[in-house]
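Analysis of the macromolecular model
So the chains spell out like this:
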Amino acid sequence: MHSKNFLINDEAVSISIGFILMFSVSVLVFTALVLSFYSIYQETEKSAMQASFKIIGSEISEKITTFDMIVNSINSSGGEVNSLEYEFSLPGSIAGKSYTMNITNSPYQIIMESDNGARSVSPFNITINITERKIYSGSENYKFKYDTNNRSIIIDED
Amino acid sequence: MGIIQNNDAQFMLLAGFIIAIGLVITTVMFSSIIFEENMAIGGGSDPSKNELVNLIHITKDETRAAYNNSTASGGGNTAKFNNFSKQMQYFNGNLSKMYALHGETVNISWENWTNKGYANLTDNGTANGVSNWTVIENVKNSNITVDVIYFNGAFQIRLKNSTEKLINITSTGTFSFINSTANDPYSIAFVNGANASGRFNMTGNASGKQFIRARDYVINTTMTFSSNRIKTILTIPFSVPW
């Protein structure tokens, strides 16, 4: 008799318990939704930084190569570069985060890194020497300068 | 009326389906918006490297033209240099105006070549230039005049086709040679050009066309170029007249 009652009973839970259950489920779903958006945001921020690093790295390596080409074309014609300055700008921050740019000379590479793990390496190839320099984001204007005594490129803040 | 009264929950299902689709679209859009706003790529017009190379080439052409015009008009060295300077000043003024229209500044200055010694017989006329170099190839006939002012060891002119002929210059002075061939074109090269300085003039026929190769001086020209990104001062030697 009891089991029959259980099978035909269609009241489930009381209204108050039903409300609590529905409310809890709603809160859980909403929290899951917010968390998933947050992780999407984090992941997108990292991939945006990665893409920006690649583009900025390529731009800077292209500028260094141009600098090298100018010096070489003048030297090969028997000329002399008395002074040469090539200005470039870097963003103060990317995706609201700070970053570092490390220009190395053995091998010739531009390594851009950030705390969130975004990293990019852009190789370049030049015939004159370049003085190694690690740039921290913040200051935005820099320039490549030609050191006539050592026949090398130095990086200076503008 | 039927839809509103219907209580089989199909309206609820439809609404749930629309919300789910909307959620997916919003997520994709949101993701791409965040990506775009995080990108930190700024625009900017960098001067092309060819712009600087072009400046060098037109200055070289003008320097040679000015030298040719000044020497063609005759007179002493001072008069020649005055004529040369006039044309270069005119060129410099026009060039500055043209570059100013693009927001760039250019200034050209040149050295007085009247008291300057003749160039070394290297490829670019400087003491550090390549010593052994080919002046011209595929020559059928040529008239070579070399005026050696300074001599410091072996200097030769090599005429080479299937055979090789070396003309030894062993002192200062003016030397002339005429060579022609019917069907075996030759190349003319200087060997140990750094050992001598002076001027040369070659005329004749190469690759079916008349040619002139000549050099008196190497004029050092200083160029100052300044754009929004690049600032440079270059000194480049241009050989004249060719």
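Fair warning: this is a prediction, and the values are worked out from it, not measured in the lab.

1. A closer look at the domain arrangement of chain B
Where the parts come together, the accessible area they lose is often given as the size of the interface. All names here are of chain B. Examined at the domain level, chain B breaks down into domain 1 (49-114 + 218-241) and domain 2 (133-217). With centres defined by C-alpha atoms, the gap from domain 1 to domain 2 works out at 29 Å. Opposite the six residues of domain 1 that make contact, domain 2 presents four residues. Sorting the residues of the side of domain 1 that touches domain 2 by element identifies strand E8 (209-226) and strand E9 (230-241) as the ones contributing at least two each. Sorting elements by how many residues they give to the side of domain 1 that touches domain 2 places E9 first, with three residues. Considering only residue class, the side of domain 1 that touches domain 2 consists of five nonpolar, one polar and no charged.

2. Notes on helix H2 (residues 15-76) of chain A
Taking 1.5 Å of rise per residue, 62 residues should cover 92 Å, and H2 of chain A covers 90 Å from first to last C-alpha, within 8% of that figure. Directly after H2 of chain A, the chain includes Gly 78 of chain A, whose backbone phi takes a positive value near 85 degrees.

3. Observations concerning the sheet that holds strand E6 (residues 133-136) of chain A
Residues and elements named next belong to chain A. Pairing is antiparallel in the open sheet, where four strands are placed in the order E4-E3-E2-E6. Of all strands in the sheet, those bounded by a partner on one side alone are strand E4 (119-123) and E6. Averaged over all neighbouring strand pairs, the angle between strand axes comes to 15 degrees, with direction disregarded. Strand direction decides the pairing type here: strand E2 (residues 99-105) and E6, joined by four bridges, are antiparallel. Pairing of Met 101 across the sheet is with Ile 135, part of E6.

4. Some remarks on the environment of Pro 185 of chain B
All names here are of chain B. Of note, Pro 185 is situated in the loop between strand E5 (173-180) and strand E6 (186-191). Once the C-alpha coordinates of Pro 185 and Asn 141 are considered, the two residues, 44 residues apart in sequence, prove to be 8.2 Å apart. Not counting residues within four places of it along the chain, the set of residues in contact with Pro 185 comprises Asn 138, Val 139, Lys 140 and Asn 161.

5. Section: the interface of chain A and chain B
Between chain A and chain B, the contact holds 30 residues from the first and 25 residues from the second. The biggest single contributor to the side of chain A that touches chain B is H2 of chain A, with 15 residues. Grouping the amino acids of the side of chain A that touches chain B by side-chain chemistry returns 15 nonpolar, eleven polar and four charged. Sheet topology places strand E1 (residues 80-89) of chain A next to E9 of chain B; six bridges connect them, and they run antiparallel.

6. Some words on the nonpolar core
Phe 67 and Val 71 of chain A together with Tyr 217 and Ile 219 of chain B are the most contacted members of the largest nonpolar core, which totals 48 residues. A total of ten residues in this core trace back to one element, the largest contributor, which is H2 of chain A. Those residues in contact with Phe 67 of chain A that sit more than four places away from it in its chain are Tyr 86, Phe 144 and Ile 153 of chain A. Residues Ile 169, Tyr 186, Phe 200 and Ala 206 of chain B belong to the second largest nonpolar core, which totals 16 residues.

What counts, and where the lines are drawn
Throughout this description, residue numbers start from 1 for each chain and increase along the sequence as written. The naming scheme follows written order: chains are lettered A onward, ligands numbered 1 onward. Note on the predicted model: pLDDT of at least 70 is required for a residue's local features to be given, and 80 or more for side-chain atom pairs to be given and counted; whole-chain, interface and lining totals, by contrast, use all residues. Segment limits for the domains were obtained from an automatic or database-derived domain assignment. Contact between residues is assigned whenever the C-beta positions, reconstructed from backbone atoms, fall within 7 Å. Runs of H or I in DSSP of at least four residues are treated as helices and runs of E of at least two as strands, each being numbered from the N terminus. Three classes are used: nonpolar for Ala, Val, Leu, Ile, Met, Phe, Trp, Tyr, Cys and Pro, charged for Asp, Glu, Lys and Arg, and polar for all others, with Gly counted as polar. A helix is expected to span 1.5 Å for every residue after the first. Following DSSP output, two strands are said to pair if at least two bridges run between them. To define axes, lines are fitted to C-alpha atoms, for helices over the stretch in contact only, and angles between the resulting N-to-C directions are given on a 0 to 180 degree scale. Linking buried Ala, Val, Leu, Ile, Met, Phe, Trp, Tyr and Cys residues through C-beta atoms within 7 Å yields a set, and such a set is a nonpolar core. Every C-beta atom is placed from the backbone, and the number of other C-beta atoms within 10 Å of a residue's own sets its class: buried at 20 or more, exposed at 12 or fewer, partly exposed in between.

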